[in-house]
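Observations on chain architecture
Single-letter residue listing:
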Amino acid sequence: MEKVQGEMEIERWERSEEISDAEKKVIQETWSRVYANCEDVGVSILIRFFVNFPSAKQYFSQFKHMEDPLEMERSLQLRKHARRVMGAINTVVENINDSEKVSSVLALVGKAHALKHKVEPIYFKKLTGVMLEVIAEEYANDFTPEAHGAWTKMKTLIYTHMTAAYKEDPLGASGGSSAEGTEVLPNT
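Residues numbered from 1 in each chain as written. Predicted model: local features only at pLDDT ≥ 70, side-chain atom pairs only at ≥ 80, totals over all residues. Heavy atoms only, no water.

1. A few points about helix α7 (residues 122–138)
- Its 17 residues give α7 an end-to-end C-alpha distance of 25 Å, which sits within 8% of 24 Å, the value for a rise of 1.5 Å per residue.
- Where α7 is concerned, the buried positions are Y123, F124, K125, L127, T128, G129, V130, M131, L132, V134 and I135. (Helix = DSSP H or I, 4+ residues; strand = E, 2+ residues; numbered from the N terminus. Expected span 1.5 Å × (residues − 1). Buried < 20%, exposed > 50% of the residue type's maximum accessible area, 1.4 Å probe, protein only.)

So, in structure tokens, the structure goes:
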């Protein structure tokens, strides 16, 4: 039986390709420039995400009623979340040569979003796509075809690791009864 386009894309998204050493270096080099403007880039990513996918705001009580991108840009809560998102990605990029650390970080974030926040996994695919768009636009000179290929693999890696929590505990991720001790982020 022949697969339809949508099924092939889903399968491709759920299969993380190996990132070569050269691609890891490209990711780290481009990210160092992006992370120098961490908050502003993170805010741009979240604003575009919420403008393009307004249903995603349902998970954020602090800014779910905001419609105006300028209001979102000024929101301290949105800026704080942007820093957290960028910080998590930075941890992944800094540890890209340590697959266990990358898996661990993304598993923690994925479990928190699956179990505590009950975020539908499709939003990770949408967010990583928006992240790639914004970085490619704002850092066009650095975003060569080689960088685009490397970051495409990186967004797939992020998505597959983040959504693994949904496969491990489908009852908890789909809103089943919440077991005690589902808080997965360490107290720091």
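2. A short note on the pattern of salt bridges
- According to the stated counting rule, one finds nine salt bridges in the structure shown.
- The residue R33 makes a salt bridge to D142 at a minimum N-O spacing of 2.9 Å. A residue pair is termed long-range when its members are at least 10 positions apart, and R33 in helix α2 (residues 21–35) and D142 in the loop between α7 and α8 (145–168) qualify at 109 residues.
- R79 is the salt-bridge partner of E39, the closest N and O atoms lying 2.6 Å from each other. Here R79 lies in helix α5 (residues 76–94) and E39 lies in helix α3 (residues 38–52), a separation of 40 residues in the sequence.
- For E39, a relative accessible area of 25% puts it in the partly exposed group.
- Connected through shared salt-bridge partners, E39, D40, R79 and R83 make up one network. (Salt bridge = Lys/Arg side-chain N within 4 Å of Asp/Glu carboxyl O.)

3. What about the packing of aromatic side chains?
- The tally for this structure, following the rule as stated, stands at 10 aromatic pairs.
- A centroid spacing of 5.8 Å and a plane angle of 40 degrees characterise the contact between W31 and W151, whose relative ring orientation is tilted. Of this pair, W31 sits in helix α2 while W151 sits in helix α8, and the two are 120 residues apart along the sequence. Note on accessibility: W31 and W151 belong to one class, buried.
- Between the aromatic rings of F49 and F53, the centroid separation amounts to 6.0 Å while the plane-to-plane angle is 50 degrees, which identifies the pairing as tilted.
- In this structure F53 comes out as partly exposed when scored by relative accessible area, which is 25%.
- Ring pairing ties together the aromatic residues F49, F50, F53, Y59, F60, F63 and Y123, which thus form one cluster. (Phe/Tyr/Trp six-rings, centres within 6.5 Å; stacked < 30°, edge-to-face > 60°.)

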